[in-house]
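# Coordinate inspection notes
So the chains spell out like this:
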Amino acid sequence: MNTLFPIQRFHFPLLLSAALIVALSASGCDSTEPDDHGAGDEELITRIQLTLTSPQAPQVVVEATDPDGDGANLTIGTLVLKAGVTYTGTIGVFDDVNGENVGAEIDEEADEHQFFFLPGGQDASRLSVTVTDSDSNGLPVGLAFTVATTSGGAGQASLRVILSHFDDDPKDGVNQSDETDIDVTFPVTIEP
């Protein structure tokens, strides 16, 4: 059964287009029996936080928030990045209603999850993202990553962050699952 909130597992039905138009999606996770790690439990995600650091630029922290989890009060911050800089990034996933760190649960179930980072917009070619962490099978997870911008002038882009959940499909490290727990697009401003 598909519901907006509360959601099955780590379902975060948020989507923002490159044109900054908010739309909600309610694709459902498969309802599964709980496993030894609690898979199948309902989780509410109210906040996603990207933190980017570099010795070459100030720290960047940006969030997508939906405080009550119903999708009506969605706010998505803008990533403001310096041109020609490589940032080390982490992503935090939280349920602020119940005070839970959902990212820690994703880390515990890393072999069932993978973040995908998709640059978009007019200057998408100036962004590149590399996942730097891996699960017990050596496949990418995406809780840790790098973001690099090319040198040059000002630019506008976007960064779509998708969390695939691999309950039924085997995780291969390349392809997304048909089960999406998070889908949110951050606008990106590149400064010279």
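What you see is a predicted model, and the numbers here were worked out from it, not measured in a lab.

Here we take up the overall build of the protein chain. If you tally the helices and strands in the protein chain, you get one helix and 15 strands. Split into buried and exposed, the 192 residues of the protein chain put 49% on the buried side. Nonlocal contacts in the protein chain, meaning residues at least 24 apart in sequence, comprise 69% of its contacts between residues at least 6 apart. Accessible area for the protein chain stands at about 8,500 Å²; split by element, carbon and sulfur atoms hold 48% of it.

Considering all chains together, one arrives at two aromatic pairs under this definition. Between F115 and F117, the aromatic rings sit 6.3 Å apart at their centres with planes inclined by 25°, giving stacked as the arrangement. The same class applies to F115 and to F117, which are both buried. Among the aromatic residues, those joined into a ring-pair cluster are F115, F117 and F145.

To continue, consider the pattern of salt bridges. The full count for this structure, using the stated rule, is five salt bridges. In this structure, the salt-bridge partner of R47 is E63, at a minimum N-O distance of 3.1 Å. Linking R47 in strand β5 (residues 47-54) with E63 in strand β6 (residues 57-65), this pair joins segments that are 16 residues apart in sequence. Across the pair D183 and R160 runs a salt bridge whose closest N-O atoms are separated by 2.6 Å. Linking D183 in strand β15 (residues 180-191) with R160 in strand β14 (residues 155-165), this pair joins segments that are 23 residues apart in sequence. Salt bridges sharing partners connect three or more residues here, namely R47, E63 and D96.

Across the sheet, four strands lie side by side as β8-β15-β14-β11; this open sheet has mixed pairing. The sheet terminates laterally at β8 (79-82) and β11 (113-120), the two strands that pair on one side only. Adjacent strand axes in the sheet meet at a mean angle of 30° when their direction is disregarded. Direction of pairing for β14 relative to β15: antiparallel, over a ladder of ten bridges. Paired with V161 across the bridge in β15 is V184.

Attention now goes to the environment of T150. Within the fold, T150 resides in the loop between β13 (144-149) and β14. Placed 42 residues apart in sequence, T150 and P192 show a C-alpha to C-alpha distance of 9.9 Å. Residues in contact with T150, not counting those within four places in the same chain, are A83, G84, S125 and R126.

Averaged over every residue, the pLDDT of the protein chain is 82; residues scoring 70 or more account for 78%. A low-confidence stretch, residues 1-39 (pLDDT under 50), is modelled with 107 contacts involving residues beyond four sequence positions or located in other chains.

Criteria and thresholds
- Residue positions are given per chain, counting from 1 as you read along its sequence in written order.
- In keeping with the predicted nature of the model, local features appear solely for residues at pLDDT of at least 70, side-chain atom pairs appear and are counted solely at 80 or more, and the whole-chain, interface and lining totals rest on all residues.
- Note that the side-chain values use all heavy atoms of the structure and ignore hydrogens as well as water.
- Strands are runs of DSSP state E lasting at least 2 residues, helices are runs of H or I lasting at least 4, and numbering of each runs from the N terminus.
- Only protein chains enter the accessibility calculation, which uses a 1.4 Å probe; a residue whose area is less than 20% of its type maximum is buried, one above 50% is exposed, and one in between is partly exposed.
- Two residues form a contact once any of their heavy atoms are found within 4.5 Å.
- Computed with a 1.4 Å probe, the accessible areas rest on the Shrake-Rupley method; for each residue, only the protein chains presented here act as cover.
- Whether two aromatic rings pair depends on their centres lying within 6.5 Å, for rings of Phe, Tyr and Trp, where Trp uses its six-membered ring; planes under 30 degrees apart make the pair stacked, over 60 edge-to-face, and the rest tilted.
- Any carboxyl oxygen of Asp or Glu that lies within 4 Å of a side-chain nitrogen of Lys or Arg is treated as forming a salt bridge with it.
- A pair of strands is treated as paired once DSSP finds two or more bridges between them.
- A fitted line through C-alpha atoms represents every axis, and for helices the fit uses only the stretch in contact; the resulting angles, taken between N-to-C directions, go from 0 to 180 degrees.
- You can read pLDDT as the predictor saying how much it trusts each residue, on a scale of 0 to 100.

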